[in-house]
Amino acid sequence: MATADIADLYGDQEQLASCDTQFINFGGNTSFCGEIVTITCFQDNGLVKKTLNSPGQGKVLVVDGHGSVHTALMGDMIAQAGVDNGWAGVVINGAIRDSAEIAKMNIGCKALGTNPRKSAKDGAGTMNARVAIGGVEFHPGHFLYADSDGIVVTPEPIDHH
């Protein structure tokens, strides 16, 4: 379901959160949705790698990299692990690398930009905490809908039938 249609459906209700951050689409799927899983980290993608190497079950990983584009938090190998493990998409408040390869993959990917520089791999960060990006709180267990127009978040899945 298109994010604009979801916004129209909800109107001005506070239940619908629309992210102000202007992410760039990098994945092969520009439209994706799923239950939210969160990571907070800074220039360290250890938790991103670990998470995307675990069963995704159609979920969306939201990574708050604190807006740093100094190092990439995901590259093609980690993105491929996400595809192989059934993740619907990844939203990264930070940078990725291997963008040309990720563009060919069956996964949604929104990020702030790219940087070829690797990040640390210590696994420093937090899993499944509330993450605030672009005026939206991303709660684990809530639902994210993304397309070319942006990202909206709802507490419950939308029945679009």
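Relevant structure appears above.
First, a word on what this report is: a plain description of the structure on this page. Keep in mind it's a predicted model, so treat the numbers as computed, not measured.

Reading the values: rules and limits
- Residues numbered from 1 in each chain as written.
- Predicted model: local features only at pLDDT ≥ 70, side-chain atom pairs only at ≥ 80, totals over all residues.
- Heavy atoms only, no water.
- Helix = DSSP H or I, 4+ residues; strand = E, 2+ residues; numbered from the N terminus.
- Rg over C-alpha atoms; globule rule 2.2 N^0.38 Å.
- Buried < 20%, exposed > 50% of the residue type's maximum accessible area, 1.4 Å probe, protein only.
- Areas by Shrake-Rupley, 256 points an atom, 1.4 Å probe, with all protein chains shown as cover.
- Lys, Arg positive; Asp, Glu negative; His and termini not counted.
- Charge placed at Lys NZ, Arg CZ, Asp CG, Glu CD.
- Core = buried A, V, L, I, M, F, W, Y, C linked by side-chain atoms within 4.5 Å.
- Contact = heavy atoms within 4.5 Å.

### Some remarks on the overall build of the protein
- Looking only at helices and strands, the protein features 4 helices and 11 strands.
- Against the 2.2 N^0.38 benchmark of 15 Å for 161 residues, the protein shows a C-alpha radius of gyration of 14 Å, consistent with a compact globule.
- Buried residues in the protein amount to 47% of all 161 residues.
- Of the roughly 7,600 Å² of accessible surface on the protein, a fraction of 47% belongs to carbon and sulfur atoms.
- Of note, the protein has its 10 positive side-chain charges centred 15 Å away from the centre of its 18 negative side-chain charges.

### Concerning the nonpolar core
- Within the largest apolar cluster, 22 residues are counted, with the highest numbers of intra-cluster contacts made by Leu-61, Val-63 and Met-74.
- Put simply, the parts of the chain that give this core at least two residues each are β3 (32-40), α2 (46-52), β4 (60-64), α3 (76-84), β5 (89-96) and β6 (108-114).
- Once residues lying within four places of it in the same chain are set aside, the contact partners of Val-63 are Ile-39, Cys-41, Val-48, Leu-73, Val-90, Val-91, Ile-92, Asn-93 and Ile-133.
- In terms of nonpolar packing, the next biggest core, distinct from the first, is built from 16 residues, Phe-23, Ile-36, Leu-144 and Ala-146 among them.

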